[in-house]
Structures are given as structure tokens and as C-alpha cells.
Amino acid sequence: MKELKARDAFKVIGESIKLWADDWANQALVGLVAILCSFTIVLLPAATFGVFYQARDLARGNRSGLMGFWQGFKSYFKQNLLWGIVNLLVYAFLIFVITFYWLSSDTLKSSVPLGIAGAFFTVLVFWSIWQFLTLSCFFLQDEPSMKLAWKNGWAIFVRLRSFSLTIGIIVFVFSLFSVLTFIPLVLAAEGLIAITGVRAVQATILPEQG
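Residues numbered from 1 in each chain as written. Predicted model: local features only at pLDDT ≥ 70, side-chain atom pairs only at ≥ 80, totals over all residues. Heavy atoms only, no water.

(A) Main features of the overall build of the protein chain. Across its full length, the protein chain holds nine helices and zero strands. Moving toward the C terminus, one meets the helices and strands of the protein chain in the order α-α-α-α-α-α-α-α-α. Against the globule reference of 17 Å for 210 residues, the protein chain gives a C-alpha radius of gyration of 18 Å, in line with a compact fold. On the principal axes, the C-alpha backbone points of the protein chain span a range of 60 × 40 × 30 Å. Taken over 210 residues, the protein chain has a buried fraction of 47%. For the protein chain, long-range pairs separated by at least 24 residues make up 72% of all intrachain contacts whose partners lie at least 6 apart in sequence. (Helix = DSSP H or I, 4+ residues; strand = E, 2+ residues; numbered from the N terminus. Rg over C-alpha atoms; globule rule 2.2 N^0.38 Å. Buried < 20%, exposed > 50% of the residue type's maximum accessible area, 1.4 Å probe, protein only. Contact = heavy atoms within 4.5 Å.)

(B) Main features of helix α4 (residues 65-75). All of the buried residues in α4 are Gly65, Gly68, Phe69, Gly72 and Phe73. Burial along α4 is one-sided: seen end-on, the buried residues are contained in an arc of 135 degrees. (Arc of directions from axis to C-beta.)

(C) Representation of a nonpolar patch on the surface in the model. Where nonpolar side chains cluster on the molecular surface, the patch consists of Leu29, Leu32, Leu36, Phe39 and Leu66 and spans about 470 Å² of accessible area. The element best represented in the nonpolar patch is helix α2 (residues 24-38), accounting for three residues. Relative to the helices and strands, Phe39 resides in the loop between α2 and α3 (44-59). (Patch = residues over 30% accessible without salt bridge, like charges linked within 9 Å, V, L, I, M, F, W, Y side chains within 5 Å. Areas by Shrake-Rupley, 256 points an atom, 1.4 Å probe, with all protein chains shown as cover. Salt bridge = Lys/Arg side-chain N within 4 Å of Asp/Glu carboxyl O.)

(D) Main features of the packing of aromatic side chains. For the structure on display, the rule yields 19 aromatic pairs. Considering the side-chain rings of Tyr53 and Phe139, the 6.0 Å spacing of their centres and the 90 degrees angle between planes classify their relative orientation as edge-to-face. Here Tyr53, found in helix α3, pairs with Phe139, found in the loop between α6 (112-138) and α7 (146-159); they are 86 residues apart in sequence, far enough to count as distant. The exposure classification of Tyr53 matches that of Phe139, with both residues buried. Ring centres of Phe69 and Phe73 lie 5.8 Å apart, and the angle between their planes is 40 degrees; this geometry places the pair in the tilted category. Residue Phe69 and its partner Phe73 are both found in helix α4; the two are separated by four residues, about one turn of the helix. For Phe73, a relative accessible area of 16% puts it in the buried group. Taken together, Phe49, Tyr53, Tyr76, Trp83, Phe138 and Phe139 form an aromatic cluster joined through their ring pairs. The cationic tip of Arg56 hangs over the ring face of Tyr53; the distance from NZ or CZ to the ring centre is 4.6 Å. (Phe/Tyr/Trp six-rings, centres within 6.5 Å; stacked < 30°, edge-to-face > 60°. Lys NZ or Arg CZ within 6 Å of the ring centre and 35° of its normal.)

Here's what the structure looks like:
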């Protein structure tokens, strides 16, 4: 694994934006389809896998667009179901706890609940970054295993903390901004996020020795 710092994260983000901008029409179409699928909730994990699959293709020089999205959407049912259930449970718990303590601060007239809410919000951000790296690892590893992807994502997160946190926090803020603004960012934001994740993990891979 390459030793990467925070400054390397900005280079990866710049490369990702260029890839995304050069293929914006495809990314916007993929984003629109992914959003429509996500409205069903049930298809959200499969749609997310589809977006990352075509992002992996683009990072390797293949503009697969919707065809790549569909391939990723249909090919990993067990994996996306497992990933979706785990994330549903974790996010539901974290959002419930954050909301509970945030609202309790007014009732109790104390700053302690706000501190607890802030601590759990930090956990939510860290979890999101880990899952972001996990999905990127999944589509770059030889074995289609979520267990291995979680392990690899965690290894990158822990060993390359400044690099991972810089990219992850920027992507997290961008994700919130794109949801709040909805148009036009949300139509292609999924693609940019996925491309950034894939390029980030690619940047950590040491070249094979000849």
C-alpha cells in the first residue's frame, strides 16, 4: 500500500473531477436512473453498486455508462443485499441516537446531549467514509467478497488516515450539498462520488514488480 498524505487527496479529487466532467452526459444519465431506483428504497443498494461498477470501468478507461451500471446492478445481489442491510441498521441507529439527543438538549437545558449527539455524528461520518472506501475496494479486488472489501476499506482508512479523512470529508460535504441543492448536482453527483472513491483506492495500490 502506498503511503499517501492529505495533499495526495487533492490530486485524486482533481483527477476524478476531470474524468467525471469528460463523461458528464453518461454520469448524468446513470445518476438519474440511480435516483429513480433509489426511490424504491429496496433497489438503493443495487443502484449504488451499479454506479460504482461503471465508475470502476471509467477509471480504467472504459466509458460503459448505463451498460456498466446495469451490469453492476444485476451481478452482485447477495453482496449488495448484505451491504444494504448492514448500512440500513447502522444508519437507522445512528440517526435515531443523534436526533434523540439533539432534541433532548432543549428539554434538559444542558449541553451534554449536544455533545453526545456530536460524538455520534462523528461516528456517522467515519462510518460513511469507511463504507465509501469499502465499495471502492469491492470493485477493485479480485474476489467479490464484502467481508474482504470491509477489511480492505478499514485497512486504508486506518493506515492512511489523513488521506482517507481528507477525501472522505470533502465527499461527505459534497454529498450533503448535492442533496440540498438537488439540481443540477444531484443528477451526476453519484458518479463523481463513486469515481473519486475508485481513484482513491487505485492510488493506494503499489505497482506490480516486474
